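This is what each chain is made of:
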Amino acid sequence: DMMQELKLGISRREFSSGVVVVQDDEFDDAVMAQKLTEMAEQSMKASESTVGGITATDVSKMLKISALLATEQLRNAEQLGFLCRDTTIEGMRFFPNLFSSGNYELCCVER
């Protein structure tokens, strides 16, 4: 990548879906996945009027990024094992991956 050769501090990244972005070389997928997991956990503890889980739109608003990039970050966090996805006619909603974390307290939250 020419941007890396020029030491610009940014580089081109292509997600598995084909979406291409320019990102900071310091960007860490695991740190982003952890942040998304924390957001999903907070959604599970919210009031009973909410469904729980997070959508690309939620992430887009909270992190001030495009919905397309939010979707890619959520899918990447899922691939890394941080999140699980529920796909319905209403769209995709992501939840903390309780299978890998072993933190089953979140599935027993009283609403």
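Note that the coordinates shown come from a computational prediction; the quantities given were computed from them, not determined experimentally.

Attention now moves to the overall build of the chain. Helix and strand counts for the chain come out as five helices and four strands. Along the chain, helices and strands appear, N-terminal first, in the series α-β-β-α-α-α-β-β-α. Per-residue burial for the chain yields a buried fraction of 32% across its 111 residues. If you take every contact in the chain between residues at least 6 apart in sequence, the share linking residues at least 24 apart comes to 41%. With the model as given, the accessible surface of the chain reaches about 7,300 Å², and the carbon-plus-sulfur share is 53%.

Where helix α3 (residues 56-63) contacts helix α4 (residues 67-79), the two axes come as close as 8 Å, and the packing angle between them is 110°. On the basis of the axis angle, α3 is roughly perpendicular to α4. Crossing angle aside, the handedness with which α3 passes α4 is right-handed. Taking contact as the criterion, the partners of Ala-56, Val-59 and Ser-60 in α3 are, on α4, Ala-67, Ala-70, Thr-71 and Leu-74. By residue class, the composition of the contact of α3 with α4 is five nonpolar, two polar and no charged.

Each regular strand shows side chains that alternate between the opposite faces of the sheet. Both strand β1 (residues 10-14) and strand β2 (residues 20-24) contribute to a ladder of five bridges, which runs antiparallel. Note that in β2 the partner of Ile-10 across the bridge is Asp-24. Taking the residues between adjacent antiparallel strands as the criterion, β1 and β2 are bridged by five residues, where Gly-18 takes a positive phi near 105°.

So, about the environment of Gln-34. Take Gln-34: it is sitting in helix α2 (residues 29-44). On the basis of relative accessibility, which here comes to 33%, the residue Gln-34 falls in the partly exposed class. Sequence separation of Gln-34 and Pro-96 is 62 residues, and the distance between their C-alpha atoms is 9.7 Å.

The backbone phi angle of Lys-64 is positive, close to 55°, even though this residue is not glycine. Mapping Lys-64 onto the fold places it in the loop between α3 and α4.

Now for the pattern of salt bridges. A complete count under the given rule lists three salt bridges for this structure. Glu-14 serves as the salt-bridge partner of Arg-12, at 3.7 Å between the closest nitrogen and oxygen. Look at Glu-14 and you get partly exposed, because its relative accessible area is 48%. Note that Asp-29 is salt-bridged to Arg-13, the shortest N-O span being 2.8 Å. One end of the pair, Asp-29, is in helix α2; the other, Arg-13, is in strand β1, and 16 residues separate them in sequence. When its relative accessible area of 25% is taken as the criterion, Asp-29 is described as partly exposed.

How each quantity is defined
Residues numbered from 1 in each chain as written. Predicted model: local features only at pLDDT ≥ 70, side-chain atom pairs only at ≥ 80, totals over all residues. Heavy atoms only, no water. Helix = DSSP H or I, 4+ residues; strand = E, 2+ residues; numbered from the N terminus. Buried < 20%, exposed > 50% of the residue type's maximum accessible area, 1.4 Å probe, protein only. Contact = heavy atoms within 4.5 Å. Areas by Shrake-Rupley, 256 points an atom, 1.4 Å probe, with all protein chains shown as cover. Axes fitted to C-alpha atoms, helices over the stretch in contact; angles between N-to-C directions. Parallel < 35°, antiparallel > 145°, perpendicular 65-115°, else oblique. Left-handed = near helix turned anticlockwise from the far one by under 90°. Nonpolar A, V, L, I, M, F, W, Y, C, P; charged D, E, K, R; others polar. Pairing = 2+ DSSP bridges. Salt bridge = Lys/Arg side-chain N within 4 Å of Asp/Glu carboxyl O.

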